[in-house]
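Structural description and commentary
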Amino acid sequence: MKMPTRIFLCLLVLSLSGCLPEERFWWSPDGTRAAVVVNDQLHLVRADGELSAPIIDDLNLETNVPGRVSWLPDGSGMVLHRLRKLATWEGARELIPAAEASEIERLATTMPSLLHAAAALAEDANSPETLMTRLAVRDKELGAAAFFCAHAMRKEALEAALLALPNGATILEKMRQAATLFQVHEICLVRLRGDRRDGELRPLVRSVHALLQPAVSPKFPVVAYWRLIEEDEKVALEICTFDGQARIEAARSTAATFDWTADGRSLVFAVPANGEDTLLHTIQRLTVLQESGALKEPRGDGDASPRKLALPVDLALAILPSPPRLAALPDGRVLFASVPATLPAVSSGVELEPRLFVISADGQSVQTVPTVAGDLPANLSFFVVSPDGKRVAVVESATDAVAVVELATGRTEIVSPAHPHWQCRTLPNWKSATELTFAALSGPKGKPRWMLWSPGAGVRGISDRWPLAATQEWLSQKKATDAVTALPQTKRSSP
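In what follows, the accompanying structure is described.

Rules of the game
- Residues numbered from 1 in each chain as written.
- Predicted model: local features only at pLDDT ≥ 70, side-chain atom pairs only at ≥ 80, totals over all residues.
- Heavy atoms only, no water.
- Helix = DSSP H or I, 4+ residues; strand = E, 2+ residues; numbered from the N terminus.
- Buried < 20%, exposed > 50% of the residue type's maximum accessible area, 1.4 Å probe, protein only.
- Contact = heavy atoms within 4.5 Å.
- Areas by Shrake-Rupley, 256 points an atom, 1.4 Å probe, with all protein chains shown as cover.
- Phe/Tyr/Trp six-rings, centres within 6.5 Å; stacked < 30°, edge-to-face > 60°.
- Pairing = 2+ DSSP bridges.
- Axes fitted to C-alpha atoms, helices over the stretch in contact; angles between N-to-C directions.
- Parallel < 35°, antiparallel > 145°, perpendicular 65-115°, else oblique.
- Nonpolar A, V, L, I, M, F, W, Y, C, P; charged D, E, K, R; others polar.
- 1 Å grid on protein atoms, 1.4 Å probe; cavity = no way out; pocket = protein on both sides within 12 Å on 5 of 7 lines; lining within 4 Å.
- Points joined across faces, edges and corners; volume = space filled by probe spheres on them.
- Arc of directions from axis to C-beta.

**Notes on the overall build of the chain**
Per the secondary structure count, the chain includes 7 helices and 30 strands. Looking at the chain residue by residue over its 495 residues, the buried ones come to 52%. By sequence separation, contacts in the chain at least 24 residues apart represent 54% of the contacts at least 6 residues apart. Counting every atom, the chain has about 21,600 Å² of accessible surface; 51% of that belongs to carbon and sulfur.

What follows is the structure, given as structure tokens:
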């Protein structure tokens, strides 16, 4: 499967449609408050469950899901993704980066001729979106913007070309009825004063291409994120300063997963082992910041200056799940999920059960987390590591069970058992090194609630005073005929 389908399907379409566990709450570094999505708005909440007013008035999360909120190291604010929707090219052009805007306008001048030439290819298209998939435009995001830009700049020529298509009148009518035509992605910095926003959102990066998974360095005022590069069928891992003035690209991949190392200067990520879309990946580490925290400069041939990006360090070769996931631990090690296998092998000799693995800090060895067979779910794409790196919480999208694994011993505890016909749609998040918050039913026949667990103290509710609708989508019900498979429902822990 080519990357655009994979990235959009796995990271955007599936998560936005509620088919996979997604992030809905994010605790501040000191664990005193969390940013949480409630009723399609972003709020701040304390451990007692008291909600603040929405902190961003114009961010409707029903359509503009941030995907990830990343707190600043001192808790004074956060970085998130915002999707701006605009009705006119004049309004969009003010936000779109100059290079992208110029390319959109260049493509717009050719759009009527392109429609005339591609009539046969587009004969089954019945909407502007499907029309763009039929045309010979490699970058669909730029192409879609150019299509609507052409309607603004060359309305008569574009409409004449559209009406020559079999379904052109239908496409034109849908375009005229659309409330918004242009979309601009933003990575924004939000400053806080108490439980309120301090000033306006500050855009750091803008693009018509999707910007995914912003994550702030734990030590320096920079943010890393993925940018969709559709014409290359990859995502680019980029780093930008908080003033928005400096940006570098660290890597290109088809596996949209990365993490900052504890020193805040390096990134760990995965790239296809053969350069193409494949399940076999190389996990790499790359230092992207100088000791001062300034961005390193793009490397030149034979330039070994410490100011320049070096080549990434290969850490491990692994078969990663889809979607992939990895995490940098505070002590320099790297945690990832993989399917252990020795290839080639006869089909009956391949072990298909996924396991958790840890790469040593020096990158010289890979060790298996010693869990007992059957303790982990069949899909290890959804885990979160505690702040001290000693535990990892795991959820399985096929059930609503939540497990906590001690990385040193492999001891696994089911902190929330699976309930028949329920599935998890929410990733857990650690409040502190010993406190985990997650979505669970309030009882065997209860409703989805936000829960807090700590060793020896059991589970208590955080959202008990919230309306039931606030957390209703955090879990979903399956059909009664669906089989429940994944984490064990009866075993509470393994020695």
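That covers the picture; the talk isn't over yet.
**Some remarks on the packing of aromatic side chains**
Scanning the model with the defined rule gives 10 aromatic pairs in all. Geometrically, the ring pair formed by W89 and F182 is tilted, given 5.4 Å between the ring centres and 50 degrees between the ring planes. Remark: F182 occurs in strand β6 (residues 182-193) and W89 occurs in helix α2 (residues 89-93); sequence separation between them is 93 residues. What makes F182 buried here is its relative accessible area of 3%. Look at F148 and F182: their rings are 6.1 Å apart centre to centre, the planes differ by 80 degrees, and that puts the pair in the edge-to-face class.

**Overview of the pairing of strand β23 (residues 402-406)**
β23 sits mainly inside the fold: 4 of its 5 residues count as buried. Bridge count between strand β22 (residues 391-395) and β23: 5 bridges; the pairing is antiparallel. Looking at β23, one finds that V394 is bridged to A403. In textbook terms, the turn of a hairpin is the stretch between consecutive antiparallel strands, and for β22 and β23 this stretch comprises 6 residues. Taken together, the 4 bridges between β23 and strand β24 (residues 412-416) define a ladder with antiparallel strand orientation. By the bridge assignment, V404 is partnered in β24 with E413. Between β23 and β24, which pair antiparallel one after the other, the connecting turn spans 5 residues, and G410 there sits at a positive phi close to 80 degrees.

**A word on unusual backbone geometry**
With an omega of 0 degrees, the peptide bond running from S322 to P323 counts as cis. With respect to the helices, strands and loops of the structure, P323 is situated in the loop between β16 (313-319) and β17 (326-328). Phi at Q213 takes a positive value of approximately 55 degrees, unusual for a residue other than glycine. Secondary-structure assignment places Q213 in strand β9 (residues 211-216).

**Focus: the sheet that holds strand β1 (residues 25-27)**
With antiparallel pairing, the 3 strands of this open sheet are ordered in space as β1-β2-β3. Both outer strands of the open sheet, β1 and β3 (41-46), are each paired with one neighbouring strand and no more. Averaged over all neighbouring strand pairs, the angle between strand axes comes to 20 degrees, with direction disregarded. The pairing of β1 with strand β2 (residues 33-38) spans 3 bridges and is classified as antiparallel.

**Some details on the sheet that holds strand β19 (residues 355-359)**
If you walk across this open sheet you meet the 4 strands as β17-β18-β19-β20, and the pairing is antiparallel. Because the sheet does not close on itself, it has two edges, and the strands there are β17 and β20 (366-368). Neighbour-to-neighbour, the strand axes of this sheet turn through a mean angle of 25 degrees, independent of strand direction. Sheet topology places strand β18 (residues 334-338) next to β19; 5 bridges connect them, and they run antiparallel. Paired with S338 across the bridge in β19 is R355.

**Description of the packing of helix α3 (residues 98-117) against helix α6 (residues 155-163)**
Interaxial distance between α3 and α6 falls to 9 Å at its minimum, and their mutual angle equals 10 degrees. Judged by the inter-axis angle, α3 sits roughly parallel to α6. In contact with M111, P112, L115 and H116 of α3, α6 contributes A157, L158, A161 and L162. For the contact of α3 with α6, the residue count by class is 7 nonpolar, 1 polar and no charged.

**Quick notes on the layout of surface pockets**
The calculated volume of the second largest pocket comes to roughly 380 Å³. Taken together, 23 residues make up the lining of the second largest pocket; nearest its centre are P97, V205, R206, R227 and R247. Breaking the lining of the second largest pocket down by element, the ones donating at least two residues are α3, β8 (202-207), β10 (222-229), β11 (234-241) and β12 (247-253). Ranked by the residues each element gives to the lining of the second largest pocket, the list is headed by β8, at 4 residues. Residues belonging to the lining of the second largest pocket are distributed by class as follows: 9 nonpolar, 3 polar and 11 charged.

**Examining the packing of helix α5 (residues 140-153) against helix α7 (residues 168-177)**
Relative orientation of the contacting elements α5 and α7 amounts to 85 degrees, with a least axis distance of 13 Å. Classified by the angle their axes make, α5 and α7 are roughly perpendicular. Every residue of α7 that contacts α5 at F147, F148 and H151 is listed here: I171, L172 and M175. For the contact of α5 with α7, a count of residues per class yields 5 nonpolar, 1 polar and no charged.

**Some details on α6**
What α6 keeps buried is the set L158, E159, A161 and L162. For α6, the buried positions fall inside an angular range of 160 degrees around the axis, keeping them on one side.

**Let's talk about the environment of L162**
Inspection of the secondary structure assignment puts L162 in helix α6. Accessibility expressed as a relative area gives 0% for L162, which makes it buried. With 46 residues separating them along the chain, L162 and H116 place their C-alpha atoms 8.1 Å apart.

So far we have only geometry, and geometry alone does not tell us how the molecule works.
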